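Single-letter residue listing:
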Amino acid sequence: MSTRRDFIKKVSTGGALAAVGALSMPSFAFAAKSAKSANLNISLQEGIAIGKSLDEKLDYMEKLGVTGLELGGGNLAKRVDEIKKALSNRKIKVSAICAGFGGWLLADDPAEKQKCIDSTREILAAAGELGSVGMILVPAFNSQHSYPHTQETRDRLVADLKELGAYAHEHKTSIILEPLNRGEAFYLRQVADAASICRDADSPGVFCMGDFWHMTREETSDRGAFISAGKYLKHVHIASRKRRIMPGEDGEADNYIDGFKGLKELGYEGYISFECGTKGNKEETLPAAVKLIREQWKKA
Ligand code: MG
């Protein structure tokens, strides 16, 4: 009966730290051990790299020390040979496939839902052939008429993800759920919620990601959000925090150190991938952004 009061007493007498520490010891012990080994792996979406052809873009990325290439999912199956050839004898790997599917998974129209499942499978097969970490999926955008936000809808989503996750795993890749800000997708907004869905899907092919742009609006702590995703965190997007342009173009607002601390504590080994535009000259803003991220990673 007095458990709660005892706990409050501990808090008020300074014993709280010990109590909380004891509860969370395993994850922080893991974090401390792996913090030093976390590497910064920078990735660019194909459209962001400078160059006319894919080869020129890859040459440019190599000069910048970028090691990941994020591709769009539309038409991917037809591009597999072209991309494989372009990446042979390079250190750059496919970091992720960004969407490109038809329909949407939470559609209340069965035809739209089926369109999503069929096109997702096609993209997953191509993603697997390309050795991609995964394929990014948003369950529903605000403009897409969907089942109401209820337990039943969540259960349905988890069941569908379980099936798609099994297919992804067969193809040595994964589904990566992306939470977006409320203006784009109210259904899934926070990294921890995405991770909770991954946990419930309990599939070796279902993971989640965080996008600093959306996190700016939705999360109370970048570090907390990443840590809460734990082992389910597979990918990260980055952009400036006010206008979704190159990191650094929004000045002081573009501080990622707290989030990077979380990634280091997790021993995160995935990519941090640019998904942004620019208001300046990309020849200048892109290398400056890469430099800024490297500096902030060091400080984290
Ligand atoms: Mg994103």
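Values in this document were obtained by computation on a predicted structure and should not be read as measured data. (Residues numbered from 1 in each chain as written. Predicted model: local features only at pLDDT ≥ 70, side-chain atom pairs only at ≥ 80, totals over all residues. Heavy atoms only, no water.)

1. With respect to the confidence of the model for the protein chain
Item 1. Of the residues in the protein chain, 88% have a pLDDT of 70 or more, and the chain-wide mean is 91.
Item 2. In this model residues 5-33 is a low-confidence stretch, pLDDT under 50, and it forms 10 contacts with partners more than four residues away in sequence or in other chains. (pLDDT = per-residue confidence, 0-100. Contact = heavy atoms within 4.5 Å.)

2. Concerning the coordination of the magnesium ion
Item 1. Within the protein, the magnesium ion binds to Glu178 (OE), Asp211 (OD), His237 (ND1) and Glu275 (OE); these donor distances fall in the range 2.1 to 2.2 Å.
Item 2. Between the donor residues of the magnesium ion, the gaps in sequence give the motif E-x32-D-x25-H-x37-E. With Glu178 in the loop between strand 5 (175-177) and helix 7 (191-201) and His237 in strand 7 (residues 233-238), the pair connects residues that are 59 residues apart, well separated along the chain.
Item 3. Since its relative accessible area comes to 0%, His237 is described here as buried. (Donors = N, O, S within 2.8 Å, 3.2 Å for Na, K, Ca; no water. Helix = DSSP H or I, 4+ residues; strand = E, 2+ residues; numbered from the N terminus. Buried < 20%, exposed > 50% of the residue type's maximum accessible area, 1.4 Å probe, protein only.)

3. Section: the sheet that holds strand 6 (residues 206-211)
Item 1. Sheet architecture is closed into a barrel: 8 strands sit in the order 1-2-3-4-5-6-7-8, paired in parallel fashion. Mean inter-strand twist for the sheet, computed between neighbouring axes without regard to direction, equals 30°.
Item 2. Bridge analysis of strand 1 (residues 41-45) against strand 2 (residues 68-72) gives 3 bridges, and the strand direction is parallel. Each residue of the ladder has a partner; that of Ser43, found in strand 2, is Gly68.
Item 3. Here helix 4 (residues 76-87) sits on the sheet and contacts strand 2 and strand 3 (93-98); the angle it forms with strand 2, its principal contact strand, is near 160°.
Item 4. Seen against the sheet, helix 6 (residues 151-170) touches strand 5 and strand 6 and runs at an angle of roughly 135° to strand 5. (Pairing = 2+ DSSP bridges. Axes fitted to C-alpha atoms, helices over the stretch in contact; angles between N-to-C directions.)

4. With respect to the packing of helix 10 (residues 257-266) against helix 11 (residues 282-299)
Item 1. Contact geometry of helix 10 with helix 11 gives a least axis separation of 8 Å together with a crossing angle of 60°. Of the possible angle classes, the one that applies to helix 10 and helix 11 is oblique. As helix 10 packs across helix 11, the resulting crossing turns out to be right-handed. On helix 11, the residues touching Ile257, Phe260, Leu263 and Lys264 of helix 10 are Ile293, Gln296, Trp297, Lys298 and Lys299.
Item 2. When grouped by side-chain class, the residues that make up the contact of helix 10 with helix 11 number 5 nonpolar, 1 polar and 3 charged. (Parallel < 35°, antiparallel > 145°, perpendicular 65-115°, else oblique. Left-handed = near helix turned anticlockwise from the far one by under 90°. Nonpolar A, V, L, I, M, F, W, Y, C, P; charged D, E, K, R; others polar.)

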